[in-house]
Every structure is written in C-alpha cells, then in structure tokens.
Amino acid sequence: MPRSPEDDAGKSPDQKLNDTFVAQLRNAVDAAQSGLLTYESLRNVSEVIGGEYGDRVIFELVQNAHDAHVEGDAGAVLLKLVIDGPKEADLFVANMGKGFSWENVNAIRNVGVSSKSVGEGIGNKGLGFRSVETLTEDPHIYSQPVAKPSDAFDGFCFRFARRDEIQAQTEQIADVEIAERVAQVLPRYLAAVPVSSQSNKIRQFAKDGFATVVHLPLRSENAVSVAREQANALADIEVPLLLFLDRLSSVTIEIHEAGLVKRRTLTRRVLDRPKPAETSPVGYEIVSIGPGTRRYLIARRMVDRTRLLQSVEASIAKEPQLARWRDWQGEPRVAVAVSLSGSDVEGGRTYNFLPMASEVPSPIRGHVDAPFYASIDRRRANFDLPLNAFLLDELAETAIRAAAELKPISKEIGRNPIFDLAAWSPEDVTRLHRASLRAGFDWRDRDVVPTAGSMDSWTTFRAAYIWQEQGYKLLRVRRLVKAGVEDVADPSLDSQRLDRLHRLMSAENLRSVPDERELSDWIERVAKSLQEDGSALRTWATLYEECRKALPTVSALRNLASKSIFMTRDRGLLEAMTSVGQAPVFVRDATGSRDKDRAPLPPRPWPASSRS
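All values reported here derive from a predicted model rather than from experimental measurement.

Visitor: Would you mind showing me how to read the overall build of the chain here?
Guide: A tally of helices and strands in the chain yields 19 helices and 20 strands. The buried share of the chain, taken over its 612 residues, is 51%. Summed over all atoms, the accessible surface of the chain reaches about 28900 Å², with 49% contributed by carbon and sulfur.

Structure representation (structure tokens):
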C-alpha cells in the first residue's frame, strides 16, 4: 500500500530516507519476482540521459544552485574543486538558497520528476542531476532547512547505496537470487540512504552559512580532467553567466591544485531601474557584471500567457514532452540585454537562462533570453518550433519597444545601445514586421538611428544614409553636417554597426548610400558652406578634387548641372552650366609659372569633358 504524507509526519530526515529505501527494495523485489523489466528500463534511460549533458555538468549544478533561491534573493553559489592528484579530486557546489525538502529528494531519485513546475526556475525536466554520472558514481548531498551558520547540516543528508549495500539489504526480505537481481538492475538513484557522518570539510560549508552542498568525489583521471576543464571554462566564460540570473549576486569558482588556488568571482549587481516617461509593459534595469565593470541594460517583458499556451499546443505534435508546459506556472518573461560599456567585445549570445552554445548567436548586438524549448543540455534549440518562434517574436517586440522608450535617457546610457536594441539581424526583418504589427508602429519609421551632429539627432531606418568618409579630406561627415546635410548615420556607431545598418536596409530594399543626384546636392551645400566660412583657395581646390572622387564619371558629374559650386574672384558662386549655349565658366590653370612683369593670360574654359 502506498505511503501517505501522514505516514511520514514527525519522522526525521534519516527515518524518511531509510523507510523509503526499504519500500523501494520491496517494490523492486515484487518486479523481479513477477518478471517485470521496469527497473532495467529505468536504469537504461538514466544512463542515456546522464551522457547527454557532455561538457555541461558544472553548468547544470550551477543551474540547480540558482533554482534553490527564490525571486528577489541576492543569492550566492560556491564551486570549489580540490585536486589532490591526477586521479583524485573533490568537487563541491554550495548555495545559500533553500535547503532540500522531501520533494527535492524525490525529484533527484526519480527520472523526469522535477520538484519545479514549468516556469518556476531554469530546470523543470527532472533530468539535470543525472549529468553528475559523467564525473562520479558516489554523489553526496548535505542540506539544512535554511541558510544559516551551523555546526553541521541537520536536514536531508544522503548518498546513493552501492550495489553490495543494495544486495545485503534486499537479502533481508528476499532470497539471494532475487537480491542479486535487484542489486544488478535497480538504478542507484532510487536507493537514497542517509549519510552517517560529516567531514570537517563538509562542516565548514555549514559553518559558512550555506543551505546545501553537493559533494562529488572524483576518482579517475578522466573525471578529474573533465572537472578541471569545465571549472576553468566556467571561470573564463566569454559571455556574462549571471546576466539573466536575477536570483544570484555571485558565483565563486575556486580551483585548488598543487598548492595554488585559482579564484574567480562572477558577480551581478543592479545599479538602477530606469523608468520610461510613459507607462510601459517593459521593465528595465542597469546591472554591473563582474569581474570588471561591464554594465548592461536589460529590458524584460511579460509574455501573454494565452498566446504562449497556443504556441505550446502548436508545438506538441513535434515535441510531445511539451504537453507538460500546458501547466505553466509563474509569469513567462523574455529579456534583451545590450552593453553600456565602451569595450563590448564579446559576441551576442542566445540564452535559455544560461548561455546556449556559441553556435547560437543572438539576433542583436547584445544578448537575448527566453524560456526556449531546447535540447536536454540546453545548448541548442529548434527555432522553427512554433513555441520558440513565438518567443523570438516576443523578444523582437520587446527590443523595438525598448529602443523607442529609452531615447529620453540616451545621454545617460549612450546612443549605441538604442541602435543595438533596434537593429536586428537582416535575416529577421520578417520577424520585425510581425513585432511591429503587434506593437502598433512600423519599425522602419522609428527614430532610433543616431545621426551625426548632436546627441539629440536621430533618423529612421527608412531615411538613413551611410557615408564612407575614408579617403576624403573635406567631404567628411562633420563637414556635411555643418553644411546642412541631414540623416547621415553617426560614424561613431563603428564599422560593425554601420555594416549591420547597411545590410538591414538592403534586406528591406532601402538604399543606404546617397545616389549621384543626392551627392550633387550635398556638394552644393558644402560649397555654400565654404563660401560662408570664407574658406581658403586650397580648401576649394580640395572640394573640386573630391567632386571627381565622389562623382567619378562624366555621367555622374552631369548631376552637378545648375549647382552653385564654382567660386568667382569676388567670392561669389556660379552654377555649373546646363547647356553648351550658356556662357562658359572659365578656370585658371594653376600649373606652371608666369612672369609677374607680364600681363596674365586669359583663363581657359572649363574642360568640355567635364561640362554638365
């Protein structure tokens, strides 16, 4: 008969573990005597799942440590790897969240049974802890109800019985042959037993106030090597691990080896929560990510639950496991983050709370996070799956809303982040159109492209120009702006952002560079600006040389017809002639020398090949 919660009332953690162990053995004996293969199947599934996590074992342990905290916590995680030799080490992962409950114990014991509902944390499949099989056969868990300094852990402290222990215990209720069979096929994770003692190393974690510590003894060269590699990879991760983990304030990684300690602390601290001028469904925070002083602006938005569940239903045929997502708990959210630091060198990454594989880049120059349905190890996802496509659409709407709403504080956060939020990958223009339709505006007509001139000057994707000023001395963006040319993208966007702007406009069949007619207008504006400035003759000479560079053919130069670009002796401006019948414009040849005592020769007509 199944045990009820009332049966366990008043029992100590050790009693619950022992009673459950015996009950599990009785069940396994019944299965063995009946010829059922239930436990063989469970063992095989567990072994397959454990191998699926590959090089993400430590990531999974950090994820579990994060989920032990609750919303609003400034939690802390310590990952400590102590290497005593090529084949001997100990990995400890401790957290200051909630201690282990009986529900948590059962979630670890049973494959696919999570104590976390979908939407309540990162993990929810009940599979992640199986990944430790890559490193050890003897994981230990020590816990206390709440995080506080204690002499020892007094909550659920357990390990998993060895095969010989399982057989010896089973022989008390069945014959030797059945006991051998049970010991062979019973998954060890179903055989949780109390830990009778705690070493000084374990007690120290309790004294330091941790609620839980997972201890993995590593007893093979491969296990030590894998743990070292993964711990170093976590310490040296190229993207911000804690960016979207708002329940944590720090993750410390320590590697003790050969008398040396490598210590690196990853931190997350909220600096500000900007408020847009109008009521918005988007929430904002500025966070500092350590080590270092990298700052990011994060925009978060709640996702409409009805539409989320509709996308789940549309995905179940391809991914039957998504049926569990019908019972989504909590508020579904998506988030985008852009750097506020000048040296934002890391590539954008897509997150599923934690960063996914490097082969899954972000659609913006920044990072995006959503509860995507991903592979078991959360490194990859099928973004054509209706659920994931829906979440990407929600991210796009969040980003373009944020770009418009944050413009009033662009002087504080800079203009590049505004552009980064709005300038999605050119491959995502269809997604941007869908997001715009939902948001009620056309993304192409939002003033989110910084233009040269002042911090307050912006233009739209539809109207922007990109001017490649390299190779010009006079026709540079600053001079163009002074002459009154508008909508020129600010060169300080840098080459990568300007390239993204160009490709995004091209994807929409929008021209990002001025045509010959527009260039001729620009040149006339510059000529008038030079006239107003009383510029030196040498500057005018540079203008005419650069006219030939900007308009390199006779056909292109014809666009200068009727443009006032020629400076006269009295510093007036003459139009380039429009037909052969008009009075010619004469240009003195500046080459050679003449005798100052002789009268000057008349100037030559402007070469016919260059006439408009």
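Visitor: Teacher, can you tell me more about the packing of helix α11 (residues 386–405) against helix α14 (residues 429–439) here?
Guide: When two helices pack together, their arrangement is given by the angle between the helix axes and the distance between those axes. Contact geometry for α11 and α14: axes closest at 8 Å, N-to-C directions at 65°. Taken as axis vectors, α11 and α14 run roughly perpendicular relative to one another. Our pair here, α11 against α14, has a crossing hand that is right-handed. For the pair α11 and α14, the contacting residues are Ala389, Leu392, Asp393, Ala396, Glu397, Ile400 and Arg401 in the first and Arg431, Leu432, Arg434, Ala435, Ser436, Arg438 and Ala439 in the second. Of the residues contributing to the contact of α11 with α14, the split by class is seven nonpolar, one polar and six charged.

Visitor: Got a minute to help me understand the packing of aromatic side chains in this structure?
Guide: Two descriptors summarise a pair of aromatic rings, namely the distance from one centre to the other and the angle between the planes of the rings. In total, this model carries 18 aromatic pairs according to the counting rule given. When the ring of Trp102 is compared with that of Phe156, the centres are 5.6 Å apart and the planes differ by 35°; the resulting orientation is tilted. Residue Trp102 is located in helix α5 (residues 102–109), and its partner Phe156 is located in the loop between β3 (140–143) and β4 (158–160); the two are separated by 54 residues in the primary sequence. Ring-pair connections join several aromatic residues into one group, and the members of that group are Phe100, Phe158, Phe160 and Tyr189. For the cation-ring pair, Arg415 lies above Trp458, with the distance from its terminal atom to the ring centre recorded as 5.4 Å.

Visitor: What should I look at first to understand the packing of helix α17 (residues 516–533) against helix α18 (residues 537–550) in this one?
Guide: Interhelical geometry of α17 versus α18 gives an angle of 175° and a closest axis separation of 11 Å. Comparing the axis directions of α17 and α18 gives the class roughly antiparallel. Packed against α17, whose contacting residues are Leu519, Ile523, Val526, Ala527, Leu530 and Gln531, the element α18 presents Thr539, Trp540, Leu543, Cys547 and Ala550 at the interface. The residue inventory of the contact of α17 with α18, partitioned by class, reads nine nonpolar, two polar and no charged.

Visitor: Whenever I open this one, helix α2 (residues 13–33) confuses me. Can you help?
Guide: Every α-helix winds through 3.6 residues per turn, so residues three or four apart in the chain are directed the same way. Across its 21 residues, α2 extends 30 Å between first and last C-alpha, which sits within 8% of the 30 Å expected from 1.5 Å per residue. Turning to α2, its buried residues are Lys16, Leu17, Thr20, Phe21, Gln24, Leu25, Ala28, Val29 and Ala31.

Visitor: Teacher, can you tell me more about the nonpolar core here?
Guide: A general trend in soluble globular proteins is that nonpolar side chains are found buried together. Counting 63 residues, the largest nonpolar core has Leu395, Phe461 and Leu501 as its most contacted members. Listed by contribution, the elements that provide at least two residues to this core are β9 (282–290), β10 (294–302), α10 (305–315), β11 (333–339), α11, α13 (416–422), α14 and α16 (494–507). When residues in this core are grouped by element, the largest group, ten residues, is from α11.

Visitor: What should I look at first to understand the side chain of Asn352 in this one?
Guide: Looking at the element boundaries, Asn352 is found in strand β12 (residues 350–352). A relative accessible area of 4% means that Asn352 is categorised as buried.

Visitor: Help me understand the environment of Glu427, please; the structure alone is not making it clear to me.
Guide: Turning to its location among the elements, Glu427 is positioned in the loop between α13 and α14. Since its relative accessible area comes to 63%, Glu427 is described here as exposed.

Visitor: I tried to follow the pairing of strand β17 (residues 564–567) on my own but got confused; where do I start?
Guide: With three bridges joining them, β17 and strand β18 (residues 573–575) adopt antiparallel strand pairing. Counterpart to Ser564 in the pairing with β18 is Glu575. Hairpin connection from β17 to β18: five residues lie between these consecutive antiparallel strands, with Arg571 at a positive phi of about 65°.

Visitor: Which parts of the structure should I look at to understand the pattern of salt bridges?
Guide: Opposite charge on two side chains lets them pair, provided their charged atoms get close. The tally for this structure, following the rule as stated, stands at 46 salt bridges. Here Arg181 ties to Glu40 by a salt bridge, and the two come within 2.4 Å at their closest N and O atoms. With Arg181 in helix α7 (residues 176–185) and Glu40 in helix α3 (residues 38–52), this pair connects stretches of sequence that are 141 residues apart. Residue classification places Arg181 among the partly exposed positions, given a relative accessible area of 33%. Here Arg273 makes a salt bridge to Glu285, at a shortest N to O gap of 3.7 Å. On the criterion of sequence distance, the pair formed by Arg273 in the loop between β8 (260–272) and β9 and Glu285 in strand β9 is long-range, its members being twelve residues apart. Judged by relative accessible area, Arg273 falls into the exposed class, the value being 52%. Linked by salt bridges that have partners in common, Asp246, Arg268, Arg273, Glu285, Arg300 and Arg333 make up one network.

Thresholds applied
Residues numbered from 1 in each chain as written. Predicted model: local features only at pLDDT ≥ 70, side-chain atom pairs only at ≥ 80, totals over all residues. Heavy atoms only, no water. Helix = DSSP H or I, 4+ residues; strand = E, 2+ residues; numbered from the N terminus. Buried < 20%, exposed > 50% of the residue type's maximum accessible area, 1.4 Å probe, protein only. Areas by Shrake-Rupley, 256 points an atom, 1.4 Å probe, with all protein chains shown as cover. Axes fitted to C-alpha atoms, helices over the stretch in contact; angles between N-to-C directions. Parallel < 35°, antiparallel > 145°, perpendicular 65-115°, else oblique. Left-handed = near helix turned anticlockwise from the far one by under 90°. Contact = heavy atoms within 4.5 Å. Nonpolar A, V, L, I, M, F, W, Y, C, P; charged D, E, K, R; others polar. Phe/Tyr/Trp six-rings, centres within 6.5 Å; stacked < 30°, edge-to-face > 60°. Lys NZ or Arg CZ within 6 Å of the ring centre and 35° of its normal. Expected span 1.5 Å × (residues − 1). Core = buried A, V, L, I, M, F, W, Y, C linked by side-chain atoms within 4.5 Å. Pairing = 2+ DSSP bridges. Salt bridge = Lys/Arg side-chain N within 4 Å of Asp/Glu carboxyl O.

These values are about where atoms sit, not about what they do.
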